[in-house]
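# A structural walkthrough
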Amino acid sequence: MLLDAERVIKNFGGLTAVNRVTLQVDASQIVGLIGPNGAGKTTFLNCVAGTYPPSAGKVRFQGKETTGSTPEDMCRMGLSRTFQIPRPFPMLTALENVMVGAVFGAEHGSKKPARGRAEEALKFVNFPLALDTPAQRLNAVQLKRLDLARALACGPKLLFLDELASGLTPGELDTMMALILKIRDTYGVGMIVVEHIMKVITGICERVLVIQYGTPIAEGTPREVMQDPKVIEAYLGEEVVA
Amino acid sequence: MDQKSLWNRISDGLGIIGFTPLGLVLLIVLALLPFVSPFNQEHILRWLIMGAFLAAQCVAFDFTAGYINVVNFGFAAILGAGAYTSAVLANTSPVISVQPGLSPWIGIWIGALFAGLIGFGVGILTLRLRGIFAAVMAWFVGIALLGVANNLTNITRGPMGMAPRTFLETTSNRPYFYIILAMMLIVYITLRLVVRSRFGLAFKAIGQNFDAARASGINPTLYRVFNFTLSAFFAGWLGGFYAHYFGSLTPQTLMHTSKTVEVLALAYIGGRGSLWGGMAIAFPFVFGIEALRSNLTDLPGLHLVIYGVLMIAIMVYYPAGFAGFYAWAKDKLSGLLARARGQAQPIEAP
Ligand SMILES: Nc1ncnc2c1ncn2[C@@H]1O[C@H](COP(=O)(O)OP(=O)(O)OP(=O)(O)O)[C@@H](O)[C@H]1O
Ligand SMILES: [Mg+2]
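Keep in mind that this is a model prediction, so the values were computed, not measured. (Residues numbered from 1 in each chain as written. Chains lettered and ligands numbered in written order. Predicted model: local features only at pLDDT ≥ 70, side-chain atom pairs only at ≥ 80, totals over all residues. Heavy atoms only, no water.)

Residues and elements named next belong to chain A. Among the 13 residues in the neighbourhood of ligand 1, the closest are listed as Lys41, Thr42, Thr43, Gln84 and His196. One of the backbone nitrogen or oxygen atoms of alanine 39 is found 3.2 Å away from an oxygen atom of ligand 1. In this structure, glutamine 84 approaches ligand 1 through a side-chain N or O atom, which is 2.7 Å from an oxygen atom. Compared with its free state, where it exposes 630 Å², ligand 1 has 63% of that area covered by protein. Broken down by secondary-structure element, the contributors of at least two residues to the shell around ligand 1 are strand 2 (15-25) and helix 1 (41-49). Top element by residues in the shell around ligand 1 is helix 1. It accounts for 3 residues. Grouping the amino acids of the shell around ligand 1 by side-chain chemistry returns 4 nonpolar, 7 polar and 2 charged. (Near = heavy atom within 4 Å. Polar contact = N/O pair within 3.5 Å; in protein donor to acceptor, adjacent residues only side chain to side chain. Areas by Shrake-Rupley, 256 points an atom, 1.4 Å probe, with all protein chains shown as cover. Helix = DSSP H or I, 4+ residues; strand = E, 2+ residues; numbered from the N terminus. Nonpolar A, V, L, I, M, F, W, Y, C, P; charged D, E, K, R; others polar.)

This is the structure:
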C-alpha cells in the first residue's frame, strides 16, 4: 500500500477541520476526495503532505510512518502535490519553475539531467507557451498546467491534485481527464483527486471518499457514493455539477 | 567559423564567472584608471576605493535581498562586527585593554568568520519569519551589535572610536584601490558561482514562494541559513578592509542602519537579484554624490535623500532596476541588428 492515513484529525483552535479521516491509496489508483466547500479536503491533504502536522492520527507512506514529516521530506520521499490556488515562482521562467521540482524533488539523485526531465514534464502536460515565458505572465489555467508539470518533475509515486480542473471549459475538462489518466498509466502513480466537478470524479476515480465538516460520511465507487442519501443531503443547496 | 567558436567559448567562460565581454572591458578600464589623470589624484582615488567598497557590499547584500528576498537590515552592523574583530585583533596600542598584535591580513579573515557566525545566528533567528518580520528581526540584531560596540569601551573605546593599524605603511591610496578591487572581484565571482549552481535556484524558489519551494523538496532552513552566513562572512571581510584602510572606526559611522540603507538603495537601483547591477552603478553614484558634495553643498545626509528618491522611483516605475534596463536594451539592440541583417540577406544570398 502506497498511502495509509489513519483517523487523521486536525484542529484549528476550536474548529475541527478534519475529523478522523481514514484513507488508503495504492499505486496506480485514483481516489477521489469530495465534499462541500470548507469540508476539510485541502486541510487533509496538507496534513498528509506535511504542510502542518495532524493533531492526531497516523500517516504511513510507502510502509514508513511519516506523521508530522516536513513537506520537503515528503516530496523527496515521493509525494507531490498541486495547489488549489496554483503558486508558481513568479519571477522564474516556466522551465525554471519546473526545474525546481526536477532538481530538488524525489528524483534529485537521478542521473538524467534535471533540465531534460523538466522539459519532459512540460511536454507531458502540453504546456502551451514558450518555455522561457515568465510565470507571472501566465493565466490561471496555464498556471495549473505549470504547477502540474512542477509536481510531475519531482518524480512522485503519489500525487495530490487539489481542484486541478476547476475553471476549465468542458473541452479542456476532457483533455485534463485524459492527461490525469495518462499520468497514472505512464508513471504508475497513485493519486488523490479533490474535485467539485462530478464529471471528473465519475470519469477517473476508482473510489471516492466524501467528507462533510471534516467527517467522512460515505465511501465507495463513484456510482455508489452519488446515490448515498447522506451525500445527496450534504450537497443539498449546493449545486452539484453533473 | 573557428574564430567564432573560440569567441563563443571565451564569452561562455566569462559568463560562468559573471562577466560579459563588455563587463570585462569596463573592469580593465577601472583597473587602469588610477594611472590616468584626474583619477590618479589621491582624493579621487579615495572615491574609487569607496566605490569598490560599496560595490562589493551591494553584491553581498543582493545575495540575500535579491535571492531569498529577505532584507538584512543588520547588514552594516555585521560588517562592523567584522571590522571591529579584525581591528581589535591587530591592536598593539595600550589605549585599549588587549594587544594581540595580529597581522590585519589574517585578522580580516577572523573578522569574516566571526561575522559569518553572526549571520548564521541571524539566519536561525529569522527562520520562521517571513519578509518584513525577518527584516525587522535582523534590524534588531544590528541595533544590538551597535550597542555592544558602543558599550564594550575597554576594547572598542565606544563612541570615541579606535584607530586600527592600517594594512600598509604607505599613505598612497593606489595600493588600497587594488586591494579592494581584488576583494570586490572575489566576492562577486564567488557569489556568482554559488547562485549559478542549484543553490541559486533554491534561493530564488524560497524567496518567491516559500510553500511551493518546500513542496518541491527544498529544505528552506539549510539554504536560508547558508545564504545568511555567506553574505555576512563577506560583509565582515569587507569590514576588515574598512578598518585597516581608514584607520579609524566608530560604531556610528560604520554600523548604523543608514549605512545598510545606502547599500540597499544602490542594490535596488542596480537591479535586485542581478548581483552585478548594484556593483556597476556604485562607481558612478559615488562620483556623482562626491562631486555634488564638493561643488555645491555639504548637507549631511543629502546622498541618502537622493538615494531614497531614486530608489522609490525605481521601485515604482522600473522594479528591475539598471540590470533590467540593460537586459531590455540589449534585447532591443540585438533585435534591431537581426532585422538589419535579415534585410541585407536577400541581396547576399545566391
Ligand atoms: N490554516 C487554517 N487556520 C484556521 N482555519 C483553517 C485553516 N485552513 C483551513 N481552515 C478552516 O478549515 C476548514 C476546512 O478548510 P479546507 O480549506 O480544508 O476546506 P476544503 O474542503 O478544501 O474547501 P474548498 O472546497 O473550499 O477548497 C474551513 O472551515 C477553513 O476555514
Ligand atoms: Mg480546498
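Once the structure has been displayed, the description carries forward.
Okay, helix 9 (residues 198-208) of chain B next. Residues of helix 9 of chain B that are buried: Gly200(B), Leu201(B), Ala202(B), Phe203(B), Ala205(B), Ile206(B) and Gly207(B). Where helix 9 of chain B is buried, its residues touch helix 3 (94-104) of chain A together with helix 3 (42-65), helix 8 (174-196), helix 10 (210-215) and helix 11 (220-246) of chain B. (Buried < 20%, exposed > 50% of the residue type's maximum accessible area, 1.4 Å probe, protein only. Contact = heavy atoms within 4.5 Å.)

Next up on the list: the interface of chain A and chain B. With 23 residues of chain A at the contact, the number on the chain B side is 18 residues. Carbon and sulfur atoms make up 63% of the surface buried where chain A meets chain B, a total of about 1700 Å² over both sides. Three residues, Glu72(A), Phe89(A) and Phe104(A), lead the burial of chain A against chain B; their summed loss comes to 37% of the area buried on that side. The tally of links from chain A across to chain B stands at 2 salt bridges. For the salt bridge of Glu72(A) with Arg214(B), the shortest nitrogen-to-oxygen distance reads 2.7 Å. Our count for the chain A to chain B interface comes out at 9 residue pairs in polar contact (both at pLDDT 80 or more). The dominant element in the side of chain A that touches chain B, judged by the number of residues it contributes, is helix 3 of chain A, at 6 residues. A per-class count over the side of chain A that touches chain B returns 13 nonpolar, 4 polar and 6 charged. (Buried area = accessible area lost by both parts, 1.4 Å probe. Salt bridge = Lys/Arg side-chain N within 4 Å of Asp/Glu carboxyl O.)

Right, let's get into the packing of aromatic side chains. For any pair of aromatic rings, geometry is given as the distance between the ring centres together with the angle between the planes. All told, the structure shown has 33 aromatic pairs over all chains when counted by the stated rule. Seen in terms of ring centroids, Phe53(B) and Phe241(B) are 6.4 Å apart; in terms of plane orientation they differ by 35 degrees. Their pairing is tilted. Residue Phe53(B) is found in helix 3, and its partner Phe241(B) is found in helix 11; the two are separated by 188 residues along the sequence. Here Phe53(B) matches Phe241(B) in class, with each residue buried. Taken together, the aromatic side chains of Phe53(B), Trp105(B), Phe167(B), Tyr176(B), Phe241(B), Tyr242(B), Tyr245(B) and Phe246(B) make up a single cluster linked through ring pairs. The residue whose ring lies beneath Lys182(A) is Phe124(A), and the NZ or CZ to ring-centre distance is 4.4 Å. (Phe/Tyr/Trp six-rings, centres within 6.5 Å; stacked < 30°, edge-to-face > 60°. Lys NZ or Arg CZ within 6 Å of the ring centre and 35° of its normal.)

With that settled, the discussion passes to the domain arrangement of chain A. Interfaces are often sized by the accessible area lost when the parts come together. All names here are of chain A. Taken domain by domain, chain A holds domain 1 (1-78 + 156-242) and domain 2 (87-155). Measuring from the centre of the C-alpha atoms in domain 1 to the corresponding centre in domain 2 gives 23 Å. Across the boundary between the two partners, domain 1 contributes 19 residues, which contact 15 residues of domain 2. When domain 1 packs against domain 2, close to 1500 Å² is buried across both sides, 69% of that on carbon and sulfur atoms. It is Arg76, Pro156 and Leu179 in domain 1 that bury the most area against domain 2; as a group they hold 36% of the surface buried on that side. Put simply, domain 1 and domain 2 have 0 salt bridges between them. Remark: the boundary between domain 1 and domain 2 carries 4 residue pairs in polar contact (both at pLDDT 80 or more). For the side of domain 1 that touches domain 2, the elements supplying multiple residues, two or more each, are helix 2 (71-77), strand 7 (158-162) and helix 6 (170-187). Considering each element in turn, the side of domain 1 that touches domain 2 owes the most residues, 7 residues, to helix 6. In the side of domain 1 that touches domain 2, the residues fall into 9 nonpolar, 5 polar and 5 charged. (Domains from an automatic or database assignment.)

Residues and elements named next belong to chain A. As summarised here, the arrangement of the 6 strands in space is 6-7-8-3-9-10, forming an open sheet in which the pairing is mixed. Sheet topology places strand 6 (79-81) and strand 10 (215-220) at the edges, where each strand pairs with a single neighbour. Sheet twist, expressed as the mean angle between neighbouring strand axes with direction ignored, is 20 degrees. By the bridge criterion, 5 bridges tie strand 9 (residues 207-212) to strand 10 in an arrangement that is antiparallel. Bridge pairing in strand 10 places isoleucine 211 opposite proline 216. Against the sheet, helix 5 (residues 140-153) makes contact with strand 6 and strand 7, and its axis sits at roughly 165 degrees relative to strand 7, the strand it touches most. (Pairing = 2+ DSSP bridges. Axes fitted to C-alpha atoms, helices over the stretch in contact; angles between N-to-C directions.)

What follows concerns the coordination of the magnesium ion (ligand 2). For a metal with four tetrahedral donors the ideal donor-metal-donor angle is 109.5 degrees, while six octahedral donors give ideal angles of 90 or 180 degrees. Ligation of the magnesium ion (ligand 2) by protein atoms is provided by Thr42(A) (OG1) and Gln84(A) (OE1), these donors lying 1.9 to 2.1 Å from the ion. Taken as a pair, Thr42(A) in helix 1 and Gln84(A) in the loop between strand 6 and helix 3 lie far apart in primary sequence, 42 residues in all. (Donors = N, O, S within 2.8 Å, 3.2 Å for Na, K, Ca; no water.)

Residue and element names in this part refer to chain B. A grouping of Ile312, Val316, Tyr317, Tyr318, Phe322, Phe325 and Trp328 is seen on the molecular surface, where their side chains present a nonpolar patch of about 770 Å² in accessible area. Those elements giving two or more residues to the nonpolar patch turn out to be helix 15 (302-317) and helix 16 (321-348). Considering the arrangement of structural elements, one finds tryptophan 328 in helix 16. (Patch = residues over 30% accessible without salt bridge, like charges linked within 9 Å, V, L, I, M, F, W, Y side chains within 5 Å.)

On the secondary structure map, Gly335(B) appears in helix 16. The sequence separation of Gly335(B) and Ser103(B) amounts to 232 residues, and the corresponding C-alpha distance is 54 Å.

Judged by nonpolar contacts, the single largest core of 164 residues is most densely connected at Met184(B) and Phe241(B). A total of 16 residues in this core trace back to one element, the largest contributor, which is helix 3 of chain B. Split by domain, the residues of this core number at least three in each of domain 1 (1-78 + 156-242) and domain 2 (87-155) of chain A. For Phe241(B), the contacting residues outside a window of four places in its chain are Ile49(B), Phe53(B), Ile108(B), Phe167(B), Tyr176(B), Ile179(B), Ile180(B) and Met183(B). In terms of nonpolar packing, the next biggest core, distinct from the first, is built from 26 residues, Leu2(A), Val25(A), Leu45(A) and Val48(A) among them. (Core = buried A, V, L, I, M, F, W, Y, C linked by side-chain atoms within 4.5 Å.)

This brings us to the packing of helix 4 (residues 75-90) of chain B against helix 5 (residues 104-125) of chain B. All names here are of chain B. Two numbers describe how helix 4 lies on helix 5: the axes approach to 7 Å, and their chain directions differ by 145 degrees. By crossing handedness, the relation of helix 4 to helix 5 is classed as right-handed. Of helix 5, the residues touching helix 4 (which contributes Ile78, Ala81, Gly82, Thr85, Ser86, Leu89 and Ala90) are Pro104, Gly107, Ile108, Ile110, Gly111, Phe114, Ala115, Ile118 and Val122. The residue inventory of the contact of helix 4 with helix 5, partitioned by class, reads 11 nonpolar, 5 polar and no charged. (Left-handed = near helix turned anticlockwise from the far one by under 90°.)

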